[in-house]
Every structure is written in structure tokens, then in C-alpha cells.
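# Report on the structure
Below are the chains, spelled out letter by letter.
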Amino acid sequence: CTLHAFDQSWGSAMSMEAVWLILAVVLVCVGIAGSVLPALPGVPLVFAGLLLAAWAGDFQQVGWMPLVVLGLLTAASFVIELVATAAGAKRVGATRLAVVGAALGTLGGLFLGRPGRLRGPFVGAVAGELISHGKVEQATRAGLATWMGLLFGTLAKLALVFTMLGIFALAYFV
């Protein structure tokens, strides 16, 4: 079954553009969920959905300039995740090794699914703090502060996603 045959079978009831737009909406919805759930790459999925929606409309409503801005915001989401986690550790006076450990744990955790994304920053901060001066209580505080940074990073990514949706809507409807 080719796409052309699929399009003909649906006839005038549903065009291929509508199918692509439905898929774009699904990607955006999954991306929004992924901005909160650590198992899914939320912001990149939102970007993929918005790019697909622009492509489905032959880039008539949404041109290259808004898409470049959306791409830059998508790239910024990765930086936000790393910086927010490290900033959480730094906030409680964690040592430089704990901050580096939190950033490395966040980066490494990205490749290990949900458990890695949840535990990676904590483990990295605790390990860095323990290496630095070996105090378990301070290491635990650094780990918990890292999780708080992760929470604020998630909220920032969610705000970023809704900013992206607003930019897309402005470009599409204005």
C-alpha cells in the first residue's frame, strides 16, 4: 500500500495534508507529555511535530524564520536541562566536583532511560561531593538539591514548549 493509494482510498474525505497534520498534533501532544515525563524526549518531539505541520502546509503559513527560532529553542532545552541540574547542586554550596558530577550524571542519564534520567544527576552529584570531601550528609544534600534543579529544569522546559507553541501559532495564524 503506497501513500498515493492510501490517499486515493480516503478520497475527498481526508487529504494527505490532514493525515500529516494529525500526526503532527500527535507528536506535539506526546512531546508535551515528554517534557514532564523523563522517558520521552519532549521538546524535540514538539519541534518534530511543528516542523511536520509546517511541511504539511508546504511552509506557506510557517516559513523558515519561525522554524529557525523553534530549532534554537529546542537546542536551548538541552542546555536548560544540564544547567538547571548543576545549578541545583551549586545552590546548596556543593563543591565543584559535585556540580560537574551532577552535569555528567544528567548527560549520562539521558542515554539510560527513565531510571537514568531520574537517578543520574543525583548519583553524579553525590559521587562528586563524596570524592571532594567524603561527607555523606553534605553529599546527600547536594544530591537532593540536584533533584530540585531537575524539577525546575522540567518546569522551564514546559514553559519553553508552550513558548514554542505560541510562536508557531503566531506564525501560522497571523
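Preceding this section is the structure that the text describes.
This report concerns the structure included in the present document.

About the thresholds
- Residues numbered from 1 in each chain as written.
- Predicted model: local features only at pLDDT ≥ 70, side-chain atom pairs only at ≥ 80, totals over all residues.
- Heavy atoms only, no water.
- Helix = DSSP H or I, 4+ residues; strand = E, 2+ residues; numbered from the N terminus.
- Polar contact = N/O pair within 3.5 Å; in protein donor to acceptor, adjacent residues only side chain to side chain.
- Contact = heavy atoms within 4.5 Å.
- Core = buried A, V, L, I, M, F, W, Y, C linked by side-chain atoms within 4.5 Å.
- Buried < 20%, exposed > 50% of the residue type's maximum accessible area, 1.4 Å probe, protein only.
- Phe/Tyr/Trp six-rings, centres within 6.5 Å; stacked < 30°, edge-to-face > 60°.
- Expected span 1.5 Å × (residues − 1).
- Axes fitted to C-alpha atoms, helices over the stretch in contact; angles between N-to-C directions.
- Parallel < 35°, antiparallel > 145°, perpendicular 65-115°, else oblique.
- Nonpolar A, V, L, I, M, F, W, Y, C, P; charged D, E, K, R; others polar.
- Patch = residues over 30% accessible without salt bridge, like charges linked within 9 Å, V, L, I, M, F, W, Y side chains within 5 Å.
- Areas by Shrake-Rupley, 256 points an atom, 1.4 Å probe, with all protein chains shown as cover.
- Salt bridge = Lys/Arg side-chain N within 4 Å of Asp/Glu carboxyl O.

### Concerning unusual backbone geometry
If you check the backbone angles, D58 has positive phi at about 55 degrees while not being a glycine. Assignment of secondary structure puts D58 in the loop between α3 (42–56) and α4 (64–91). Here F59, not a glycine, exhibits a phi torsion of approximately 55 degrees, which is positive. Along the chain, the position of F59 falls in the loop between α3 and α4.

### Quick notes on the side chain of T95
Mapping T95 onto the fold places it in the loop between α4 and α5 (96–109). At 3.4 Å, the side chain of T95 forms a polar contact with the side chain of S132. Other than its neighbours up to four places away in sequence, T95 contacts G128, E129, S132 and H133.

### Considering the nonpolar core
Side chains that are nonpolar tend, in soluble globular proteins, to be buried together. The biggest cluster of nonpolar side chains holds 17 residues, and the ones touching the most others in it are L50, V62, L70, M164 and F168. The set of elements that each furnish at least two residues to this core consists of α2 (16–36), α3, α4 and α7 (136–173). Looking at this core, the element that brings in the most residues is α3, giving 6 residues. Among residues more than four places away in sequence, those in contact with L70 are F47, L50, M164, I167 and F168. A94, A98, V99 and A102 belong to the second-largest nonpolar core, a separate cluster that totals 8 residues.

### Here we look at the packing of aromatic side chains
The full count for this structure, using the stated rule, is 3 aromatic pairs. Ring geometry for F168 against Y172: centres 5.9 Å apart, planes inclined by 20 degrees, an arrangement best described as stacked. Remark: Y172 and F168 occur in helix α7; sequence separation between them is 4 residues, near one turn of the helix. Exposure remark for F168: the relative accessible area of 10% places this residue in the buried category. Between Y172 and F173, the ring centres sit 4.9 Å apart and the planes meet at 75 degrees, which makes this aromatic pair edge-to-face. By relative accessible area, which is 26% here, Y172 ends up partly exposed. Exposure remark for F173: the relative accessible area of 67% places this residue in the exposed category. Here the aromatic cluster, defined as three or more aromatic residues joined through ring pairs, consists of F168, Y172 and F173.

### Details of helix α6 (residues 113–133)
Taking 1.5 Å per residue as the helical rise, α6 with its 21 residues ought to reach 30 Å, and the 30 Å between its terminal C-alpha atoms agrees with that figure. Those residues of α6 lying buried are G116, R117, G120, P121, G124, A125, V126, G128 and E129. One or two residues past the end of α6 sits G134, with phi positive at roughly 75 degrees.

### Let's talk about α5
In an α-helix, one turn spans 3.6 residues; hence positions three or four apart end up facing the same way. When the terminal C-alpha atoms of α5 are compared, their 19 Å separation across 14 residues agrees well with the 20 Å that a helix rising 1.5 Å per residue should span. Buried residues in α5 make contact with α4, α6 and α7.

### Focus: the packing of α3 against α7
To characterise two packed helices, one gives the angle between the axes of the helices and the distance between these axes. Look at α3 against α7: their axes get within 10 Å of each other, and the N-to-C directions meet at 5 degrees. Relative to α7, the element α3 lies roughly parallel. Across from V43, V46, F47, L50, A53 and A54 in α3, the residues of α7 making contact are K157, V161, M164, L165 and F168. For the contact of α3 with α7, a count of residues per class yields 10 nonpolar, no polar and 1 charged.

### Overview of a nonpolar patch on the surface
Taken together, V100, L104, L107, L110, F111 and L112 make up a surface patch of nonpolar side chains, about 610 Å² in accessible area. Residue L112 is classed as exposed on the basis of its relative accessible area of 61%.

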